[in-house]
Each structure stands twice: as structure tokens, then as C-alpha cells.
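Understanding the architecture of this molecule
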Amino acid sequence: MNLFRKIKQLFSWQQPPTRSAGMAMQAANPKMAQKILGMLEKTQEEELTCDEVFALLDQFAEMTARGENVSELMPLVELHLEICGDCREEYESLMNVIQHPA
Amino acid sequence: MAGFQKQCSVKDNLLSMNQRTNEQWLADLRAKGDMRDAALSDLRALILRSLPYALSGKLNPNSPEFESLAEEVAQETLLKVLEHLDTFEGRSLFTTWVHKIAVRQALGELRRRRWRDVPLPEMEMNDDSDIMPRELADEQPSPEIMAERNDVMMRIQRIISEELTEKQRLALMSVVMQEMPLEEVAQKMGTNRNAMYKLMHDTRLRLKRRMEAEGMFPDEILAVFAKSVG
């Protein structure tokens, strides 16, 4: 493949190993590359932090439970939940709780 | 008449249990003495009843671990609720706000227990010098697709090693490769989850900007990986 050869010529891949090369190498399998690209695809210049999302999470969960259009009303919370596994897990647990009132 | 009174008192009981309004919860928790004790005890019962749902699929409610976790979570949640009572803005049910705190407490504790002994990924160079990108064993893409993928993977590798600080690389690899929760990575790196999210956001932005500057657009190159194999 031409592009591949060209790029190999442009950049020297066989650099002496460094600590950082060791880390970077871990990206060299398709699953990892796919995960990283998936994250980058969602990345926006402005995102809410975990604390900002936590402050809105009870309201967001109730709105979702009522069937309101959260994608339109709180798109930044929704985006954060797509990106952040910790917050998504907490959101899903909260939904479980409020949909099964004890 | 007696039936009506009975109905009323049942209703009052229910109200005093779980069906307080937001204002009643706040007033009772701010009161002194019996009122407050009753509210705290009701809240505690509410948290304990909701925990099996909060942890469903994660922890068996009949396990001994669940029992010890539940006690701890209920206690910590009540303390947090009292501490942050003034920050409740009434944009949800008070009980949803409490559940939110309990859920974070419970999952946080569960994560700590599960990840306590797992170290951050090794930053050292591997000795097997496996420089070429690795395809997964169960995948057999065509040579063209493989070449294309290898190209993309090598470029991503290069950008990661050129663009990111050591801290950013470590965070990225812990979250992506090790699938470690952000909170645990933060704790092991001596910071907090919010700061770790910001670090990861900055990491993603740097990679994305650099890739786009090189004409690589994540949505387009993702298609290379989506192509069916074999």
C-alpha cells in the first residue's frame, strides 16, 4: 500500500526504545485504537466536568424518567455520560433506584 | 367516619415515612430532637431499601459484602446529606437527591474495594520488542485492511508519544487499556476525579487537534476499523 510505505519513509519507526515509546506501543492493537478514536470522535472543546454533572444528575435522571428530551435540554450532561464511565455507571444506578421506588 | 379517620392516619403515616414533601424533609432534618431523629431514621431506611437496586448486577444483596457495604454507605450518605443540605436546590425530589449521593457513595466504595490492589499500567518498555502493531488473534482482515489499520495505529502511537506528557499517557492508558475507573486512576495518581476528568479532556483535545492537523479525522478513520473482517 502506497500511503503506508510513504508514511514509513516519512517517519522513522525504529527509534530507540524510550519509556514513552513503551506506553505508546500499547495503543497498537485494533481494539485500543478503536477505543481511542471513539473517545476522540465524541470530544468537544467545551465539556462539563464530573462535579458539574453530579450537580445536575438528580434533575437529569428525573427528566429522563419522565420521558423528556434530555438530548435537547441537557446535551452537555448527556455527552459527559457518554464519555465518562464513572458518571455513566452512577447515572444508571440512580435510574435503577428511581424507577423501582423502595 | 371511623373508616375515614383510619384512612387519614394511614395516609399521615405514609407521609411521615417516605412521602414528605421536599420542604418537610428539609424542615425535619433541620429540626432538633425527635423530628430530626425520625427523619434521619426514615432516610436511612430509604437508602438501605434502595441499595439492592443501586447495586443490581454488581453485588449480590445476599452476600456478606453487601451487608457491610450497605451499613457504611447509609452512614456516609447521611453525613453527606446533612453536610450539604444547604446546597439542595429543589430541582428534583429530595429523595432523588439523596439517592444520587448514596449511589456515588456505594459505587465509589465498591470501586475502591475492587481496584485497591490493581496497579497503574506499567510504564516500562516491554522486552519482547513487539514494535509492529498487533492484530487480535481472532481477527483475520484482508491484507489491504490490515495495512490500512497498521498505518492508522502507528500514526496514533506516534502522536501519543509526541504530543502527550507522561502523566497524560499514563492516565490515557489506565482508562482505555486497563479500563480503570477515573476515580481510581485519580486516587492512585494523587489527585481527584474532577481534576482527572479535566486532564483526560485536555489529553483528548490535544490528540484530536494534532490528528486533525495531520488530516486524520476520528470519524473517518474509525471506518477503517469498522470494515468487516475475513
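Residues numbered from 1 in each chain as written. Chains lettered and ligands numbered in written order. Predicted model: local features only at pLDDT ≥ 70, side-chain atom pairs only at ≥ 80, totals over all residues. Heavy atoms only, no water.

**A closer look at the overall build of chain B**
Just so we agree on the cut-off: Put simply, DSSP H or I for four residues or longer makes a helix, DSSP E for two residues or longer makes a strand, and each gets a number counted from the N terminus. Three exposure classes are used, based on accessible area relative to the maximum for each residue type with a 1.4 Å probe and protein chains only: buried under 20%, partly exposed in between, and exposed over 50%. Any two residues whose heavy atoms approach within 4.5 Å are treated as being in contact.
From N to C terminus, chain B includes 10 helices and 0 strands. Taken from the N to the C terminus, the helices and strands of chain B come in the order α-α-α-α-α-α-α-α-α-α. Taking all 230 residues of chain B together, 45% fall into the buried category. Contacts spanning at least 24 positions in sequence make up 65% of the contacts within chain B whose residues lie at least 6 apart.

**Comments concerning the state of the cysteines**
As a reminder, the rule being used: To count as a disulfide, a pair of cysteine sulfur atoms needs to be within 2.5 Å.
Evaluation of the coordinates by the stated rule reveals 0 disulfides over all chains. With no disulfide of its own, A:Cys84 has A:Cys87 as its nearest cysteine by sulfur position, at a separation of 3.7 Å.

**What about helix 10 (residues 218–226) of chain B?**
The test is simple: Arc definition: it is the arc formed by the directions from the helix axis to the C-beta atoms.
Among the residues of helix 10 of chain B, B:Pro218, B:Ile221, B:Leu222, B:Val224 and B:Phe225 are the ones counted as buried. In a view along the axis of helix 10 of chain B, the buried residues occupy a sector of 140°, so they form one face of it. Set apart from the buried face of helix 10 of chain B by more than 90 degrees, the exposed residues are B:Glu220 and B:Ala226. Contacts made by the buried residues of helix 10 of chain B are with helix 3 (30–42) of chain A together with helix 6 (143–163) and helix 9 (193–213) of chain B.

**Description of the pattern of salt bridges**
Residue and element names in this part refer to chain B. Selection rule: When a carboxyl oxygen of Asp or Glu is within 4 Å of a side-chain nitrogen of Lys or Arg, the pair counts as a salt bridge.
This structure, assessed with the given rule, holds 30 salt bridges over all chains. Between Glu 71 and Arg 44 there is a salt bridge, with the nearest N and O atoms lying 2.7 Å from each other. Of this pair, Glu 71 sits in helix 4 (residues 64–83) while Arg 44 sits in helix 3 (residues 34–54), and the two are 27 residues apart along the sequence. The partly exposed category is assigned to Glu 71, whose relative accessible area is 40%. The closest approach of N and O atoms between Glu 109 and Arg 112, which form a salt bridge, is 3.1 Å. With Glu 109 and Arg 112 both in helix 5 (residues 94–115) and 3 residues apart, this pair spans about one turn of that helix. On the basis of relative accessibility, which here comes to 35%, the residue Arg 112 falls in the partly exposed class.

**Structural notes on the confidence of the model for chain A**
All names here are of chain A. The cut-off we apply is this: Per-residue confidence from the prediction method is given by pLDDT, with values spanning 0 to 100.
Residues with a pLDDT of 70 or more make up 71% of chain A, whose mean pLDDT is 82. Mean pLDDT across the secondary structure elements of chain A bottoms out at helix 2 (residues 19–25), with 46, and peaks at helix 4 (residues 50–65), with 98. Residue range residues 9–25 is modelled with pLDDT below 50. Its contacts to residues more than four positions away, or to other chains, number 29 contacts.

**Some points on the nonpolar core**
Residue and element names in this part refer to chain B. Selection rule: By nonpolar core we mean a set of buried residues, namely Ala, Val, Leu, Ile, Met, Phe, Trp, Tyr and Cys, connected to one another through side-chain atoms within 4.5 Å.
In this structure, Leu 43, Val 81, Phe 94 and Leu 172 are the most contacted members of the largest nonpolar core, which totals 84 residues. Looking at this core element by element, the count peaks at 9 residues for helix 5. In contact with Val 81, other than residues within four places in its own chain, are Leu 29, Leu 43, Phe 94, Trp 97, Val 98 and Ile 101.

**Comments concerning a negative patch on the surface**
The test is simple: Grouping into patches uses exposed residues only, defined as over 30% relative accessible area, and leaves out salt-bridged ones; the cut-off is 9 Å for like charges and 5 Å for nonpolar side chains (Val, Leu, Ile, Met, Phe, Trp, Tyr). Accessible surface is estimated by sampling points in the Shrake-Rupley manner with a 1.4 Å probe; for residues, cover comes only from the protein chains shown. When charges are counted, Lys and Arg are positive and Asp and Glu negative, with His and the chain ends excluded. Charge placement uses NZ in Lys and CZ in Arg. For Asp and Glu, CG and CD serve respectively.
Residues A:Glu41, B:Glu212, B:Asp219 and B:Glu220 make up a contiguous surface patch of negative charge. Tracing the chain through its elements places B:Glu220 in helix 10. Overall, the relative accessible area of 54% leaves B:Glu220 in the exposed class.

**So, the environment of B:Lys188**
Residue and element names in this part refer to chain B. The line we're drawing: Identification of polar contacts relies on pairs of N or O atoms within 3.5 Å, with a donor-acceptor requirement for protein atoms, meaning one able to donate a hydrogen and the other able to accept it, and with residues adjacent in sequence counted only if both atoms are side-chain atoms.
Tracing the backbone through its elements, the reader meets Lys 188 in helix 8 (residues 182–188). Sequence separation between Lys 188 and Pro 119 is 69 residues; the distance between their C-alpha atoms is 8.1 Å. Dropping the residues within four chain positions of it, Lys 188 is found in contact with Trp 115, Arg 116, Val 118, Leu 120 and Met 180. Within polar-contact distance, the side chain of Lys 188 engages the backbone oxygen of Trp 115 at 2.9 Å. Separated by 3.4 Å, the side chain of Lys 188 and the backbone oxygen of Arg 116 make a polar contact.

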